Amino acid sequence: MRKPPLRRTCAALAAVTSLALAATACGGTTKEDVKNEGGAAATAGKADPNAATKKGLTVGFLPKQVNNPYFTTAGQGGEKAVKELGSTYKEVGPSSATDTSGQVSYVNTLTQQQVDAMAVSAQDPGALCTALKQAMNNGIKVVTYDSDTKPECRNAFISQASAEDLGRTEVQLLAEQIGHKGEIAILSAAQTATNQNTWIEFMKKELEDPKYKDMKLVEIAYGNDDAQTSFQQTQGLLQEHPNLKGIISPTTVGIKAAAQYLSGSKYKGKVKLTGLGTPNDMRKYVKNGTVEAFELWDPARLGELAGRTAVALASGQITGKEGETFRAGAMGEYTIGEDGVINLGKPTVFDAKNIDDFDF
């Protein structure tokens, strides 16, 4: 197993503005991460699922970073939902995805402006807690989306996808492409990346199903979410495993680098590649035949669910308690899980048919 020098999974991403969005695929929070944090979602009062949806509310969105394609798309989904529900949407936020003190200041600003609810993608799980608790003490409902705080610092968290769904569906996607037969490899981020390792464990569990008996995982390589390292790791995998039929890369940096290598090699179209990627990164590789299909969550749907949840909380229809249900418009009914987590659903698959419908 090839082990290049380790670095934090998202360190390389944080410096790349266009891929601060990619940090969501390696450093965002999923349902399992929240479960492991412990604690309980902050709830107050009793839910009235039959309460009327309040109009004229103000819902503030605070992304990790403004003017970032991923969060712009999420914000558009949130704005659509909030306006459709008869309330006012506003967005504030730092220009840097690592300006945690800036995020704290924006939480305080929204609190001072007495918004009714805020939806926050937290840069740090603990740093915003004092400010968010102050907001809740002032009667403001707090939803986190994409990246969570500690559970006691908000009312609900919109998880982009469960770790199990992400792990299992990536195996399913690749299996379809290689006819459920052949050697496969995984190109991960860093060996220390909690999310990546959790997804990989679910990949291994999926592979235990008898329908994958003719598929064999031969290596897990680590590209450390560095484009050049991931490119070299892809080259190494193909050299060491001449019978390799497919690669799964559950990281946006890794899948793009792997696609770049494959597209210029004799393996193009022969070795299948899937994983987690963004449409803007992967579009040309789908169109030139290097990649058939890959997946990620749809940030517009993520933002929409965050907006609808914020309004439902402010209307008293839910409090964030496990087991409560609410209807999110055309998105359907959602049930709040442990620690106030609401799972968006299965990831979105992107291919030649739909990739031009997305811009992030």
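Small disclaimer: the values here were computed from a predicted structure and weren't measured. (Residues numbered from 1 in each chain as written. Predicted model: local features only at pLDDT ≥ 70, side-chain atom pairs only at ≥ 80, totals over all residues. Heavy atoms only, no water.)

Draft legend 1. Broad picture of the sheet that holds strand β8 (residues 244-249). Ordered by their spatial adjacency, four strands build an open sheet running β7-β6-β8-β9, and the pairing between neighbours is parallel. What marks the edges here is a single partner per strand, and that holds for β7 (215-222) and β9 (272-275). Shown here is a sheet whose adjacent strand axes are inclined to one another by a mean of 25°, direction ignored. Of the strand pairs in this sheet, strand β6 (residues 182-188) and β7 are connected by seven bridges, and their pairing is parallel. (Pairing = 2+ DSSP bridges. Helix = DSSP H or I, 4+ residues; strand = E, 2+ residues; numbered from the N terminus. Axes fitted to C-alpha atoms, helices over the stretch in contact; angles between N-to-C directions.)

Draft legend 2. Quick peek at the pattern of salt bridges. What the rule picks out here adds up to 14 salt bridges. Among the salt bridges present, the one from K80 reaches E304, with a minimum N-O distance of 3.7 Å. Highlighted residues: K80 in helix α4 (residues 69-84) and E304 in helix α12 (residues 299-314), separated in sequence by 224 residues. For K80, a relative accessible area of 47% corresponds to the partly exposed category. Under the relative-accessibility criterion, E304 is labelled buried at 9%. Here D148 makes a salt bridge to R154, at a shortest N to O gap of 2.8 Å. With respect to burial, D148 and R154 carry one shared label: buried. Via salt bridges that share partners, K80, E84, E304 and R308 belong to a single interconnected network. (Salt bridge = Lys/Arg side-chain N within 4 Å of Asp/Glu carboxyl O. Buried < 20%, exposed > 50% of the residue type's maximum accessible area, 1.4 Å probe, protein only.)

Draft legend 3. Seen up close, the pairing of strand β14 (residues 348-351). With burial as the criterion, only one face of β14 is covered, namely that bearing T348 and F350; the residues V349 and D351 on the opposite face remain uncovered. As judged from the four bridges shared by strand β10 (residues 293-296) and β14, these two strands associate in the antiparallel manner. Paired with L296 across the strands is T348, a residue of β14.

Draft legend 4. A look at the state of the cysteines. On inspection of all chains with the given rule, the structure shows one disulfide. A sulfur-sulfur distance of 2.0 Å marks the disulfide that ties C129 to C153. A torsion of 100° about the S-S bond marks the disulfide between C129 and C153 as right-handed. Here the residue C129 occupies a position in helix α6 (residues 129-137), and C153 occupies one in the loop between β4 (141-145) and β5 (156-159), the gap between them amounting to 24 residues. (Disulfide = S-S within 2.5 Å.)

Draft legend 5. Up close: α12. Here α12 contains 16 residues, and its C-alpha end-to-end distance of 23 Å stays within 8% of the 22 Å for a straight helix at 1.5 Å per residue. Sitting at the head of α12, D298 places a side-chain oxygen 2.9 Å from the backbone nitrogen of A300. Within two residues after α12, G316 carries a phi angle of roughly 80°, on the positive side. (Expected span 1.5 Å × (residues − 1). Polar contact = N/O pair within 3.5 Å; in protein donor to acceptor, adjacent residues only side chain to side chain.)

Draft legend 6. Region of the structure containing α4. The end-to-end C-alpha distance of α4 is 23 Å, a good match for the 22 Å that 16 residues give at a rise of 1.5 Å each. Buried within α4 are the following residues: Y70, F71, T73, A74, G75, G77, G78, A81 and V82. Its side-chain oxygen at 2.9 Å from the backbone nitrogen of Y70, N68 defines the N-terminal cap of α4.

Draft legend 7. Structural detail: the layout of surface pockets. Taken as a whole, the second largest pocket holds about 170 Å³ of empty space. Lining the second largest pocket are P49, T53, L85, R308, V311, A312, Q317, T325, F326, R327, A328 and G329. At the level of secondary structure, the elements contributing two or more residues to the lining of the second largest pocket comprise α12 and β11 (325-327). For the lining of the second largest pocket, a count of residues per class yields six nonpolar, four polar and two charged. (1 Å grid on protein atoms, 1.4 Å probe; cavity = no way out; pocket = protein on both sides within 12 Å on 5 of 7 lines; lining within 4 Å. Points joined across faces, edges and corners; volume = space filled by probe spheres on them. Nonpolar A, V, L, I, M, F, W, Y, C, P; charged D, E, K, R; others polar.)

Draft legend 8. Up close: the packing of aromatic side chains. Tallying each qualifying case throughout the model produces eleven aromatic pairs. Seen in terms of ring centroids, F61 and Y89 are 5.1 Å apart; in terms of plane orientation they differ by 45°. Their pairing is tilted. Here F61 is found in strand β1 (residues 58-62), whereas its partner Y89 is found in strand β2 (residues 88-91), with 28 residues between them in sequence. Looking at F61, the relative accessible area reads 0%, which means it is buried. Plain terms: the ring middles of F71 and Y145 are 6.5 Å apart, the flat faces sit at 80° to each other, and that makes the pair edge-to-face. Here F71, found in helix α4, pairs with Y145, found in strand β4; they are 74 residues apart in sequence, far enough to count as distant. Y145 matches F71 in its accessibility class, with the two residues each being buried. (Phe/Tyr/Trp six-rings, centres within 6.5 Å; stacked < 30°, edge-to-face > 60°.)

Draft legend 9. Expanded view of the environment of A293. Relative to the helices and strands, A293 resides in strand β10. The class for A293 is buried, based on a relative accessible area of 9%. Spatially, the C-alpha atom of A293 lies 6.2 Å from that of T274, the residues being 19 residues apart in sequence.

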